[in-house]
Structure formats: structure tokens, C-alpha cells
Amino acid sequence: MSELETLESTLLAEIDATADEAAIEAVRVAALGKKGSVSELLKTLGGMSPEERQTRGAAINALKTRVTDAISARKAALKEAAIAERLKRETLDVSLPVRSSPTERGRIHPISQIVDEITAIFGDMGFAIAEGPDIETDYYNFTALNFPDGHPAREMHDTFFFKPDENGERKVLRTHTSPVQVRTMENQEPPIRIVIPGKTYRQDSDATHSPMFHQVEGLVVDKTANVANLRWVLEEFCKAFFEVSSVTMRFRPSFFPFTEPSFEVDIQCDRSGPIVKFGEGRDWMEILGCGMVHPNVLRAGGLDPDVYQGFAWGMGLDRIAMLKYGMPDLRDFFNADVRWMSHYGFRPLDMPTLFSGLSL
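To start, this report covers the structure provided alongside it.

What counts as what
Residues numbered from 1 in each chain as written. Predicted model: local features only at pLDDT ≥ 70, side-chain atom pairs only at ≥ 80, totals over all residues. Heavy atoms only, no water. Helix = DSSP H or I, 4+ residues; strand = E, 2+ residues; numbered from the N terminus. Rg over C-alpha atoms; globule rule 2.2 N^0.38 Å. Buried < 20%, exposed > 50% of the residue type's maximum accessible area, 1.4 Å probe, protein only. Contact = heavy atoms within 4.5 Å. Lys, Arg positive; Asp, Glu negative; His and termini not counted. Charge placed at Lys NZ, Arg CZ, Asp CG, Glu CD. Pairing = 2+ DSSP bridges. Disulfide = S-S within 2.5 Å. Salt bridge = Lys/Arg side-chain N within 4 Å of Asp/Glu carboxyl O. Phe/Tyr/Trp six-rings, centres within 6.5 Å; stacked < 30°, edge-to-face > 60°. Lys NZ or Arg CZ within 6 Å of the ring centre and 35° of its normal. Axes fitted to C-alpha atoms, helices over the stretch in contact; angles between N-to-C directions. Parallel < 35°, antiparallel > 145°, perpendicular 65-115°, else oblique. Left-handed = near helix turned anticlockwise from the far one by under 90°. Nonpolar A, V, L, I, M, F, W, Y, C, P; charged D, E, K, R; others polar.

When you go through the chain residue by residue, the secondary structure sums to twelve helices and ten strands. For a compact globule of 360 residues, the expected C-alpha radius of gyration is about 21 Å, and the chain comes in at 40 Å, more than 25% above that figure. If you line up the chain on its principal axes, its C-alpha atoms span 125 × 55 × 35 Å. Put simply, the chain has 360 residues, and 39% of those count as buried. Excluding contacts between residues fewer than 6 apart, the proportion of contacts in the chain whose partners are at least 24 apart in sequence is 63%. Computing the positive centroid from 40 side-chain charges and the negative centroid from 53, the chain places the two 5 Å apart.

Here's what the structure looks like:
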């Protein structure tokens, strides 16, 4: 067997033995690269006589062609085998149901839904949305709202206090959204019509209370605001929110430091079944507190109580969500349970409006 035949046999055996595309590329470089075995033979042609070059050159070029063809064929076969193996490994069962899109799987948390519903209702009445910081000073959280020194709400069993700063002042996690009332009066001339949804914090935790919960309150300040206006606003809100044609409400005298007179509001309902029904029945349920803004609070906001008067109300968002949608335990709101969200959550594209309905 000649030298060329031996080399060809060796190269073809190496080509057949390759297991992947990387291996066949290594054989190609070893045979046909700049310093490959076939390429080295081609370099010897320059030193041969014309007669030797004609015979030897033809034989070497024929060897190069056969090796190149063998490499190309093996590379194609390895590529097809790799594709077949990948298809086998990544086989999909086309009979499986199509996965739902994120917009169908996702859910809006009930609290976010309630905020959107309230915004839609009061926005239709001409109210603006106001916000304030969660970390408040003692002045805005208590003093400006007419809480006297020594009031029980200032004590540690109700309020989360921060450590005193360099001036000895202790900031607090706000216990209600009412500080935004004073901040708004300081920066906006009457007439004022705002609703204030937001997080609040108190040291309490059970099936109907949470250390962090949500409130919404409203504030109206002008020269003619009165209890009759307050009652109308609350009645219209309750009819729209609970989606009933009429409601019966009763105002009971109460006490809040920041309003005078103050009331607790009950709404007529039916508790005979598993879900509370509003606008019917013979039972009553307290849902919010309200009253006329105390003159001291108007003064703290920079307004003259002899010129301006106003009314305010506040309620727990978590609680009215539980009442409207039949949720038994407040703690479930914060457990991040996907199953609970799937059951009680709302579709992300079903935005609440008074035209199409709040809760589709």
C-alpha cells in the first residue's frame, strides 16, 4: 500500500469515528488545515519535476477531494443526528391544553380593586385623590388633629413609635390617614374636596385586625359645608359601592378628637345568610365614623373656622372589602396565597367604572 493510500485510509477511519461536529472539525483541521497532513503533501509539489508534479499532484488533489467529500458527508450526518436527538429530547405533547396568558392568570388584589372602586365613585362626585407619608411626626399625627397630651391613642399599645432623633422627637407610623387633611389645608385654598386612601399602622392583630391595614377618608372644606351634605355624600357612596338602589343609614352621636359633632354611621343590612346584604333586612352594621371638622383642626391647617367649615369621614378599606365580597378573615389579605388570590382576586383588565359596573 502506498503512502497516499495509507494516509487516506487513516483519515477516513478517523472521519468515521467522529461522534459530534466538534470532533469532525478537529479532523478537518488536522488533514486540510494550513499544517494538516494533506496540506503538507501539497507543499512538496514545488520541488518536483514537471513529470512528477503531473502524476503526484493529481494523486494528492484526488486524495484532498475524497477527504473533503468524506468530511462534508460526515458533518451533514452528525448535524442531522444532533437535530434528531434534540427533537427527541424536546418533544412537546401538542394535545396538552394551551397555557393561559398572563393577563388571564394574573389577579388584582381585592384592596387594589377597592381603591379603584372608591376612586371611580368619588371621582364622579368631583373629589381629588390626596396622599401623604406613612412615617409622620407627632404633630401631624396627633397634635394638629386635636389629640390632647395624654390621650390613650398616643400610648405604645396603639402606636408604633420610632426611636427619638437628635432633637428628641419621635416619629410614628401613622395611625390613620387624617394627617393628610392638615397637610392639604396647609397647601391648598378652599374649596377642598379630597379622598385619601392609604396604609395605616396600629399594634393589633386578629381575624378582623392587622398591624398594617388600609383606610380611606374624605374631606370637604368650604364656606357652606354641613351635615346634610355629609349625609348625602355617604348615602350616594354606599349605594354605588354596595351596588344597591337604596340604603337606610342612621347617625349615632360619638366622639373623635378631630370632629365636632361626631357620628358613627350604621347601614341597614340582612345578616340572616352567609353573606351580609345591604339595602334590606332588619339588622344594622357600623361601617364608618364621620363629623364636622373641629375648629382646632381648621386652625392647624391655616384656615379661619369663622369663615370656613368642613366635614370628614373615614372607614377601613379591608373591612368594607370583607363585607362586600364575603371574605371571612382579614389575615388572608396578607398571606400571599396564590389560591386565595385566584378565588378572590379580580381580572386585571376589568377596571371598575360606574358606567359598566364596579365589580364585573
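This paragraph deals with the pairing of strand E5 (residues 212-222). For E5, the buried fraction is high: ten of the eleven residues fall into the buried class. Bridge count between strand E4 (residues 192-201) and E5: ten bridges; the pairing is antiparallel. Bridge assignment links Ile 194 to a residue of E5, and that residue is Leu 219. With eight bridges joining them, E5 and strand E10 (residues 309-316) adopt antiparallel strand pairing. Along E10, the bridge assignment pairs Asp 222 with Gln 309.

In the structure shown here, the tally under the stated rule is zero disulfides. Note on Cys 238: no disulfide assigned, nearest cysteine sulfur contributed by Cys 290 at a separation of 10 Å. Given the relative accessible area of 0%, Cys 238 is considered buried. Cys 269 takes part in no disulfide bond, and the closest cysteine sulfur to it belongs to Cys 238, at a distance of 12 Å.

Turning next to the pattern of salt bridges. Scanning the model with the defined rule gives 15 salt bridges in all. When the shortest N-O distance is used, the salt bridge between Glu 25 and Lys 75 registers 3.6 Å. Within this pair, whereas Glu 25 is found in helix H2 (residues 21-32), its partner Lys 75 is found in helix H4 (residues 50-89), the two being separated by 50 residues in sequence. One salt bridge in this structure joins Arg 193 and Asp 222, with 3.4 Å as the shortest N-O distance. Taken together, the residues span a long stretch of sequence, with Arg 193 in strand E4 and Asp 222 in strand E5 at a distance of 29 residues.

Looking now at the packing of aromatic side chains. The relative placement of two aromatic rings is captured by the distance of their centres and the angle of their planes. Tallying each qualifying case throughout the model produces 16 aromatic pairs. Centroid distance Phe 122 to Phe 127: 5.3 Å. Interplanar angle 70°. Geometry classified as edge-to-face. Judged on exposure class, the residue Phe 122 and its partner Phe 127 are both buried. Sitting above the plane of the Tyr 140 ring, Arg 183 keeps its charged end 4.1 Å from the centroid. The ring of Phe 241 is capped by Lys 324, whose NZ or CZ atom sits 4.4 Å from the centre of that ring.

With that settled, consider the packing of helix H6 (residues 110-124) against helix H9 (residues 227-242). Where H6 contacts H9, the axes come no closer than 10 Å and their chain directions differ by 130°. With respect to each other, H6 and H9 are oriented oblique. Like other packed secondary-structure pairs, H6 and H9 cross with a definite hand, here right-handed. Contact with H6, carried on its side by Ile 114, Glu 117, Ile 118, Ile 121 and Phe 122, involves Val 233, Phe 237, Ala 240 and Phe 241 of H9 and no other residues of that element. Classifying every residue of the contact of H6 with H9 by side-chain character gives eight nonpolar, no polar and one charged.

What follows is about the packing of H6 against helix H11 (residues 317-325). Running from N to C, H6 and H11 cross one another at 95°; their axes reach a closest spacing of 10 Å. Compared by their axis directions, H6 and H11 come out roughly perpendicular. Contacts from Ile 111, Ile 114, Val 115, Glu 117 and Ile 118 in H6 reach Leu 317, Asp 318, Ile 320, Ala 321, Lys 324 and Tyr 325 in H11. Its residues assigned to classes, the contact of H6 with H11 shows eight nonpolar, no polar and three charged.

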